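# Chains, contacts and geometry: an overview
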Amino acid sequence: MFKYLKNDIPASIVVFFVALPLCLGIALASGAPLFSGLIAGIIGGIVVGAMSGSKIGVSGPAAGLAAIVFAAINSLGYEAFLVAVVLGGIIQIVFGLLKAGVIGYYFPSSVIKGMLTGIGIIIILKQIPHFFGLDKNPEGAWDFFQSDGENTFSELFKISDFLSPGATLIAFISIGILLLWSNVLSKKGKIFQIIQGPLVAVVVGVVFYLLTKDSSTLGIAKEHLVNVPVPGSVDDFLGQFATPAFSAITNPEVWLTAFTIALVASLETLLCVEATDKLDPEKNVTPTNRELLAQGTGNIVSGLIGGLPITQVIVRSSANIQSGGKTKMSAIIHGFLLLISIVTIPVLLNKIPLSVLAAVLLIVGYKLAKPSIFKEMWKSGWRQFVPFILTVLILQYNLLVGVGVGLAVGIFITLYQSFKNSHFLHKVEEDTKGEHHVKMTLAEEVTFLNKATILKELDALPENTYLEIDVRKTTYLDFDVIEILEDFAVKAKQKNIHIKLYSQRGTIENPDSFVTFFKQKKEDINV
């Protein structure tokens, strides 16, 4: 955990600046005290980060639960709602003990990529008001379906009527700093890798605000700055924590809310785990059952001290990956940074322009929703593109609905494509001259529904294994399974696993790219 501190500390600083406004924004959207979002961010970083098996996943308050939390608080009251958070955490631990984490592997790659791309688009669109410092139509009014007949895109044409020149100027300066740092300076010396671009952008933003705060033209209004609660004393700080009213535990509505939180938070976490593992350049595999245990523990602790429900969050996790985070220390350190900052420097934090943080998030959003991703999915064929694009489009309305529709379409396409054999994997183990020899024979048709078992078998292979994969009888091999083999090829080199692949056209030793191989051999296998 301490081996890569030179990577994890800079990454944790970036995640900290990404997480801070998100914690406050999600609390605001949930109708909860702002401090409750910070509690969830701290617990998500320190407690969940320490217990999780994910090396690069970062947890915090759950954006996907904001509407559910808002309704529950209005109906139950905040202290009774906290009881539901604690119970939801206990239910998540039960899910983990029952090995329910495997559910995440049954979502096809096209849907996961659609979720990532859709979230990237949402990040970009929702940060536009902060980027330009709009005095009218704040973030909450940028919904896709509004009572006044407007929508997110129609509002874009009205930006010039309400923008703040100072917030806009420093936002563009921040974009320039971030691009210069990542594309040029980071390759010039180690100092530019240790000191990250987002930190420089934030410092420049604070200096800009202090220099221009009295200017009638470039001054940035307080509503466009970070707004962290500033306690006047130790008693004021401790008074921001809340405790559950356990007398409400007999209320059936509390239990219904608890089950809802547990189900939605678990599903959102498992989807983010799957997506984060795909983004991970080292292709680590997160133990999903352990993740549910960690998330459940985090929700119990968060609920006991007045925090919001917690999930793994793709925005924080992707920012961590893009900033070079290597181990769970980056998530843990970011949690401590949140705690230290709200105790020691809340006044300084409140001088950070939201437009600077919006610039950081715009870069994150763009990397998730690059135009090249749409091109790549289009070239992968309609079976990949249709679930992908439907997930992207519907996700703009509702995350879980978008993923659900994409999954349903993916299942329909798979069932339409072929019937599934009852046995898709044949494994023979034998010891020859002290070597661990494994032969896997894939069945005639292998679909994304077989991902979990294949991944489990490959991940369980010990070091120095001689692995033979036979696809000579396989007529359909799903793209998701090919991606698992592709990811495994990276890990195989690290574990000194020798791979020999048999197809109808011949044999290949230690293929560097399964995707390229199977596209070249498409006469043998329909990919």
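The structure reproduced in this document is the subject of the present report. (Residues numbered from 1 in each chain as written. Predicted model: local features only at pLDDT ≥ 70, side-chain atom pairs only at ≥ 80, totals over all residues. Heavy atoms only, no water.)

### Re the packing of aromatic side chains
For the coordinates displayed, the defined rule picks out eleven aromatic pairs. Relative to Phe241, the ring of Phe237 has its centre 5.6 Å away and its plane inclined at 85 degrees; by these criteria the two rings are edge-to-face. For Phe237, a relative accessible area of 15% gives the class buried. The partly exposed category is assigned to Phe241, whose relative accessible area is 32%. Joined through ring pairs, the aromatic side chains of Phe374, Trp378, Phe385 and Phe388 make up one cluster. (Phe/Tyr/Trp six-rings, centres within 6.5 Å; stacked < 30°, edge-to-face > 60°. Buried < 20%, exposed > 50% of the residue type's maximum accessible area, 1.4 Å probe, protein only.)

### Here's the deal with the pairing of strand 9 (residues 506-509)
Two strands pair when backbone bridges link them, and strand 8 (residues 498-503) and strand 9 are joined in this way by four bridges, in the antiparallel orientation. Paired with Lys500 across the strands is Glu509, a residue of strand 9. The antiparallel pairing of strand 8 with strand 9 creates a hairpin that spans two residues between the two strands. (Pairing = 2+ DSSP bridges. Helix = DSSP H or I, 4+ residues; strand = E, 2+ residues; numbered from the N terminus.)

### As for the packing of helix 4 (residues 78-97) against helix 11 (residues 252-279)
Two elements in contact, helix 4 and helix 11, have axes whose closest approach is 7 Å; the angle formed by their N-to-C orientations is 50 degrees. Taken together, helix 4 and helix 11 sit at an angle that is classed as oblique. Between helix 4 and helix 11 the crossing geometry is right-handed. Together, Ala80, Phe81, Val83, Ala84, Val85, Leu87, Gly88, Ile91, Gln92 and Phe95 of helix 4 and Val254, Trp255, Thr257, Ala258, Phe259, Ile261, Ala262, Leu263, Ala265 and Ser266 of helix 11 make up the contact between the two elements. (Axes fitted to C-alpha atoms, helices over the stretch in contact; angles between N-to-C directions. Parallel < 35°, antiparallel > 145°, perpendicular 65-115°, else oblique. Left-handed = near helix turned anticlockwise from the far one by under 90°. Contact = heavy atoms within 4.5 Å.)

### What about the pattern of salt bridges?
Going through the model one piece at a time under the given rule, you end up with eight salt bridges. Notably, a salt bridge pairs Glu483 with Lys113, separated by 2.8 Å at the nearest N-O pair. Note that Glu483 is positioned in helix 21 (residues 479-494) and Lys113 in helix 5 (residues 109-132), a separation of 370 residues in sequence. By relative accessible area, Lys113 is classed as buried at 15%. (Salt bridge = Lys/Arg side-chain N within 4 Å of Asp/Glu carboxyl O.)

### So, helix 13 (residues 314-322)
Residues three or four positions apart in an α-helix share a direction because the helix packs 3.6 residues into each turn. Burial of helix 13 is extensive: eight of the nine residues sit out of reach of the surface. Taken as a whole, helix 13 has its buried residues at Ile314, Val315, Arg316, Ser317, Ser318, Ala319, Asn320 and Ile321. Downstream of helix 13 by one or two residues, Gly324 has phi in the positive range, about 90 degrees.

### Let's talk about empty space enclosed by the protein
Inspection of every chain in the model, using the stated rule, returns two cavities of 30 Å³ or more. In this structure, the largest cavity occupies an estimated 280 Å³ of space. Quantified by volume, the second largest cavity comes out at close to 50 Å³. As for the second largest cavity, its lining consists of Met440, Leu442, Ile454, Leu458, Ile469 and Leu485. Looking at the lining of the second largest cavity, the elements with two or more residues in it are strand 4 (435-442) and helix 20 (451-459). Taken together, the residues of the lining of the second largest cavity break down into six nonpolar, no polar and no charged. (1 Å grid on protein atoms, 1.4 Å probe; cavity = no way out; pocket = protein on both sides within 12 Å on 5 of 7 lines; lining within 4 Å. Points joined across faces, edges and corners; volume = space filled by probe spheres on them. Nonpolar A, V, L, I, M, F, W, Y, C, P; charged D, E, K, R; others polar.)

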